[in-house]
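Here is how the chains run, residue by residue.
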Amino acid sequence: MNCPRLRDWLEERYDIEGIKGIALSKFVPEHRHDIWYYTGGVTLFLFILQFLTGMLLAFYYVPHVDFAYKSIIEIVTKLRMGWFFKSLHHWGAQMAILFLFVHLFGTLLMKSYRKPRELVWVTGFVLLGISIFFGLSGYLLLWDERAFAAVRVATGGAGAFPVVGGFIKAFLRGSIDVTGETLLRFYAFHVAILPLVTLALIGLHLLLVQFHGMSVPPSLEKEKLREVPFFPNVFYKDLMIWLVVLGVVVTLAVLFPPEIGVKADPLAPPPENIKPEWYFLFLLQTLKLFPGSILGMNGETIAILTVSGAILFFFLIPFLDRRSARGERSPLFTWIGVFYLIYFLVMTAVGFLS
Amino acid sequence: MWTGHLQKRMKRLLNRTRLAAAAATATLLLWTTPFGAAAAEKIAVFPETPYDGYIVYESLIVFWAAIIGLVVILRMKLKEIERTQSLGADREDKDAPLLE
């Protein structure tokens, strides 16, 4: 630091050397799979980008059923660089969720969830769920016919859940259908509730990662690995990757700004061949596999229960994979992970093409 | 009789003009009125004038040049740090004499 007076002032009050010591004492193992370590950092960077662009958009967005759509058009057409920041927010969200999935499957296939890191997995998984809800709630704020239909389908699907479905649906919609009440609720979720929960969970997730240190894949655990200091070696590599990711997001935002659809009309029929965001496609395709009625029971309810069961199983993998916890090889869970990944990719591709 | 014939012709011409005007108006209306939602005007989500578009693309190229420059600088810095670390010069010598 080149300000000796400021340094002295801070050192007099805080243990600066101690904090520096903590930062310098963190080491990261180097091995052939260490590229996966950077996916978490990229996701964090994209979250920061989303917070910044979201704050800018919040200055001009009007969360009212009569003005929401108009305010979006004004942001895009009248504000200087408004189109760019809206597009950046859109592509930042897509990339954040993409990297969350990459980070999730990387963690799964490297068995980084195994004992004692179960809570790191749990906080990360909850963050993924919150991010998807971030996407859905942000989508409705556009208040165009596609967003309206997507939220109607999503909240309707939640309503098919037995016992608590009705409550969840009513809680999300705030009314019997998707209305201005829903818009206001989703706005509150998107700009206040979810960011607070996300910040707390990111803090806890990072704290747990610092506490446990970086996980090494079981196949490399017995090898003597070289360790490099996090600061500055890994930090500099992180910065380089973040810069490239920023470049990609900005390029996508400039070359492919998202279109603005027709204003939502609750009385109009849903538009034809409507598709949700790409991260919901595998769910939609799965629901389509089920018939309307199975053994006299509602097919949609059975589909929702099956999907929920599969997601719950995925969430509980660290607690079910006992062999990994004991430090043994567990090929069964590797294959389960590969199956989930292939299923996700294939169903998303089918959803795109159909 | 001649005047009556002229009146008839004038009336016919007027009717034809009215018909043509009505057809033109209808065509104009059909052109400008959207057919429901599908024909709704597309909202411009990118600067419309060629000059503004050019500025945006030019800025994107400059932005990428800056990113590549920064990545190269960081890479060079990292190489230098790794070289220093491999020599062991980054470790603090506790017994080193202090220059006042």
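Keep in mind the model is a prediction, meaning the values are calculated, not measured.

Even after reading the chapter, I still don't get helix H15 (residues 331–353) of chain A, so can you show me in this structure?
Given 3.6 residues to a turn, an α-helix orients residues that are three or four positions apart in the same direction. Across its 23 residues, H15(A) extends 33 Å between first and last C-alpha, which sits within 8% of the 33 Å expected from 1.5 Å per residue. Those residues of H15(A) hidden inside the fold are in contact with helix H5 (82–109), helix H11 (281–289), helix H12 (299–315) and helix H13 (317–320) of chain A.

Any chance you could explain the interface of chain A and chain B here in plain terms?
Many descriptions give the size of an interface as the accessible area lost when the pieces come together. Listed as interface residues are 26 residues of chain A and, on the opposing side, 22 residues of chain B. Of the roughly 2200 Å² buried between chain A and chain B on both sides combined, carbon and sulfur atoms contribute 79%. The largest share of the area that chain A buries against chain B comes from Tyr236(A), Met240(A) and Leu243(A), three residues that together contribute 26% of it. For the pair chain A and chain B, the interface holds 2 residue pairs in polar contact (both at pLDDT 80 or more). Of all the elements in the fold, those that place two or more residues in the side of chain A that touches chain B are helix H4 (68–77) and helix H10 (230–255) of chain A.

Looking at this structure, I do not really get empty space enclosed by the protein. What am I missing?
In this approach the atoms are scanned with a rolling probe the size of a water molecule, which exposes any empty space left behind. All names here are of chain A. Taken as a whole, this structure holds 3 cavities of 30 Å³ or more when the rule is applied. In this model, the largest cavity occupies a volume close to 70 Å³. Residue classes in the lining of the largest cavity are distributed as 7 nonpolar, no polar and 3 charged. Estimated volume of the second largest cavity: approximately 50 Å³. Lining the second largest cavity, in full, are Val 28, Pro 29, Glu 30, Asp 34, Tyr 37, Tyr 38, Val 228, Val 234 and Lys 237. Elements represented by at least two residues in the lining of the second largest cavity include exactly strand S1 (27–30), helix H3 (37–58) and H10. Of the residues forming the lining of the second largest cavity, the biggest block, 3 residues, is contributed by S1.

Rules of the game
Residues numbered from 1 in each chain as written. Chains lettered and ligands numbered in written order. Predicted model: local features only at pLDDT ≥ 70, side-chain atom pairs only at ≥ 80, totals over all residues. Heavy atoms only, no water. Helix = DSSP H or I, 4+ residues; strand = E, 2+ residues; numbered from the N terminus. Expected span 1.5 Å × (residues − 1). Contact = heavy atoms within 4.5 Å. Buried area = accessible area lost by both parts, 1.4 Å probe. Polar contact = N/O pair within 3.5 Å; in protein donor to acceptor, adjacent residues only side chain to side chain. 1 Å grid on protein atoms, 1.4 Å probe; cavity = no way out; pocket = protein on both sides within 12 Å on 5 of 7 lines; lining within 4 Å. Points joined across faces, edges and corners; volume = space filled by probe spheres on them. Nonpolar A, V, L, I, M, F, W, Y, C, P; charged D, E, K, R; others polar.

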